[in-house]
Amino acid sequence: MNAVFDQIRAGLAAGEVVPFIGADALADVTHAGDGRKIPATSDELIYSLNNGQPMAPRLMYEFPRAAMNVELKRGRSAVNRWLEQTYGDKSWSEASLHRWLAEQKLPYIVDINRDTGLQKLYANRPHTLIAGVARIAGTAYRYKLYKHDGEQYSAAVDESEIDPAAPILFKPCGSPWPEGNWIASDADFVDYITELMGGFAIPGFLKQRRAGLKYLVAGIRLNRDTQRMLLSDIIFSAAQPAGWALIPGANDKEKRFCARLGLTVIDADVRELAGLPLAEAA
C-alpha cells in the first residue's frame with residue numbers, strides 16, 4: 001500500500017495524476033451556525049431537498065431522480081433555489097481534504113460536488129473555473145468558463161480569453177460562485193451527459209491538456225449510472241492504465257467498471273493517502 005501511495009503522490013506532484021473527487025471529500029464539513037453536515041451524498045441531498053424527510057423508495061434511489069420529481073411538481077427554479085441557498089451559504093467549515101488538495105498546487109482537479117470549498121482555497125491564485133451547465137438555448141456547449149485573476153472571477157468568458165496553462169477547477173455539476181450553474185435533475189444530466197459524450201461539455205484546450213493523464217478517483221462510490229457516465233466521459237483519452245480508484249470495500253460491480261476504464265481499485269480511504277484522520281469521514 002505504501003508503494004502505491006508513494007506512486008500516486010509522485011504523480012500528483014508531477015501534475016500527471018488528476019484528482020476526481022466526490023461526496024466523501026465533504027465528510028467533515030459542518031455549518032458554523034447549527035453544526036449540521038453539508039449535504040453531499042445522494043441520501044443527504046434528498047433529505048435536505050425534502051425538508052429533512054425521506055421520499056418514496058423509487059425516488060430515494062438516486063438524487064437526480066428525486067430532484068426531477070421536485071422539478072415536475074414545483075418547477076426547475078425550486079430545485080435551483082434550494083441549491084443556491086444550500087451551497088451559497090458562507091457558514092460552511094473548511095474540508096480537511098480540500099485543504100490537503102489545495103496545498104498540492106495541482107494543475108487540474110475534477111470536483112463533482114456543488115460546494116465552493118475548493119474555490120475558496122484557490123481564491124488567492126489565478127485559475128480557470130469550468131462549470132457545467134444544462135438545458136440552455138442558443139449553443140451546443142454545456143460549460144461556462146470563468147477566469148480568476150487571484151482576486152476575483154471575471155464574467156463568463158470565451159475560450160480564447162483563457163490561459164490554457166492556468167490551474168483548472170472543473171465543476172461538472174455546478175457551483176453558486178461566481179453565478180449559479182447547476183446540474184441536478186434527471187433532465188439536467190440527460191442533457192449534460194449527452195453533450196459530454198458528444199464532446200460539447202469539455203473545452204478544446206482541456207481536451208488537449210487531459211490526453212494521457214492518469215486519475216485518482218476518490219471519495220465517490222460507483223454504484224449508480226449517473227456518476228459512472230460522468231467519470232467515464234470526463235477521463236476520456238486517459239493514459240492506460242488510467243490510474244486508481246480509492247474505494248473502501250468496493251463491490252464486484254465497482255471493480256468490473258473500474259477494470260473496464262483501466263482504473264486499479266485500492267481498498268483504502270483517500271484520507272489514508274492524505275495522512276488525515278479516518279474518523280473525520282464518519
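Quick look at the structure, then. It should be emphasised that the depicted structure is a prediction, and the values quoted were computed from it without experimental measurement.

**Some remarks on the packing of helix H8 (residues 186-197) against helix H10 (residues 225-234)**
Okay, so step 1: Across the interface, H8 lies against H10 with an axial gap of 10 Å and an inter-helix angle of 25 degrees. It follows from the interaxial angle that H8 and H10 lie roughly parallel. By crossing handedness, the relation of H8 to H10 is classed as left-handed. Here Phe189, Tyr192, Ile193, Leu196 and Met197 of H8 come into contact with H10, specifically with Thr226, Met229, Leu230, Asp233 and Ile234.
Okay, so step 2: Across the contact of H8 with H10, the residue classes break down as eight nonpolar, one polar and one charged.

**Describing the sheet that holds strand E5 (residues 168-171)**
Okay, so step 1: Ordered by their spatial adjacency, eight strands build an open sheet running E4-E3-E5-E2-E1-E8-E9-E10, and the pairing between neighbours is mixed. The open sheet terminates on both sides in strands that have one partner only, identified here as strand E4 (143-149) and strand E10 (263-266). Pairwise comparison of adjacent strand axes, ignoring direction, gives a mean angle of 20 degrees for this sheet.
Okay, so step 2: Bridging between strand E3 (residues 126-132) and E4 involves seven bridges; their strand directions are antiparallel. Across the sheet, residue Ile130 finds its bridge partner in E4, namely Leu145.

**Let's talk about the side chain of His31**
Okay, so step 1: The residue His31 is located in the loop between strand E1 (17-21) and helix H2 (42-49) in this model.
Okay, so step 2: Overall, the relative accessible area of 11% leaves His31 in the buried class.
Okay, so step 3: A distance of 2.8 Å separates the side chain of His31 from the side chain of Asp89, its partner in a polar contact.
Okay, so step 4: Residues contacting His31, with those up to four places away along its chain left out, are Arg36, Asp89, Ser91 and Trp92.

**Side note on helix H6 (residues 96-103)**
Okay, so step 1: Extensive coverage of H6 is indicated by the burial of six of its eight residues.
Okay, so step 2: Listing the buried residues of H6 in full gives Ser96, Leu97, His98, Trp100, Leu101 and Ala102.
Okay, so step 3: Against the buried residues of H6 lie helix H1 (2-13), E1, strand E2 (108-111), helix H7 (117-121) and helix H12 (270-274).
Okay, so step 4: Looking one or two places after H6, you find Lys105, whose phi comes out positive at around 50 degrees.

**Thoughts on the nonpolar core**
Okay, so step 1: Of all hydrophobic cores here, the largest spans 41 residues; its most connected members are Tyr108, Phe170, Tyr192 and Leu231.
Okay, so step 2: Tallying contributions element by element places H8 first for this core, with four residues.
Okay, so step 3: The residues touching Tyr108, leaving out its near neighbours within four places in the chain, are Val18, Pro19, Ile168, Phe170, Leu206, Leu213, Tyr215 and Ile234.
Okay, so step 4: In terms of nonpolar packing, the next biggest core, distinct from the first, is built from 30 residues, Ile21, Leu97, Ala218 and Ile266 among them.

Conventions adopted
Throughout, residues of each chain are indexed from 1 in the direction in which the sequence is written. pLDDT decides what is reported in this predicted model: residues at 70 or higher carry local features, side-chain atom pairs at 80 or more are listed and counted, and totals for whole chains, interfaces and linings draw on all residues regardless. Only hydrogens and water are removed before side-chain values are computed, so all heavy atoms of the structure are retained for them. To define axes, lines are fitted to C-alpha atoms, for helices over the stretch in contact only, and angles between the resulting N-to-C directions are given on a 0 to 180 degree scale. Only DSSP runs of H or I covering at least 4 residues are called helices, and only runs of E covering at least 2 are called strands; the numbering of each starts at the N terminus. By definition in this entry, angles of less than 35 degrees are roughly parallel, angles greater than 145 are roughly antiparallel, angles of 65 to 115 are roughly perpendicular, and the rest are oblique. Note: crossing handedness is left-handed where the near helix turns anticlockwise from the far helix by less than a right angle, and right-handed where it turns clockwise. Any two residues having at least one pair of non-hydrogen atoms within 4.5 Å are treated as being in contact. Lys, Arg, Asp and Glu make up the charged group, whereas Ala, Val, Leu, Ile, Met, Phe, Trp, Tyr, Cys and Pro make up the nonpolar group; the residues left over, Gly among them, are polar. Strands qualify as paired when DSSP identifies two bridges or more between them. Buried means the residue's accessible area, taken with a 1.4 Å probe over protein chains only, is under 20% of the maximum for its type, while exposed means over 50%, and partly exposed covers the values in between. Think of a polar contact as two N or O atoms within 3.5 Å of one another; within protein, one of them needs to be a possible hydrogen donor and the other a possible acceptor, and neighboring residues in sequence only count if both atoms come from side chains. Among the buried residues, those of types Ala, Val, Leu, Ile, Met, Phe, Trp, Tyr and Cys that are joined through side-chain atoms within 4.5 Å form a nonpolar core.

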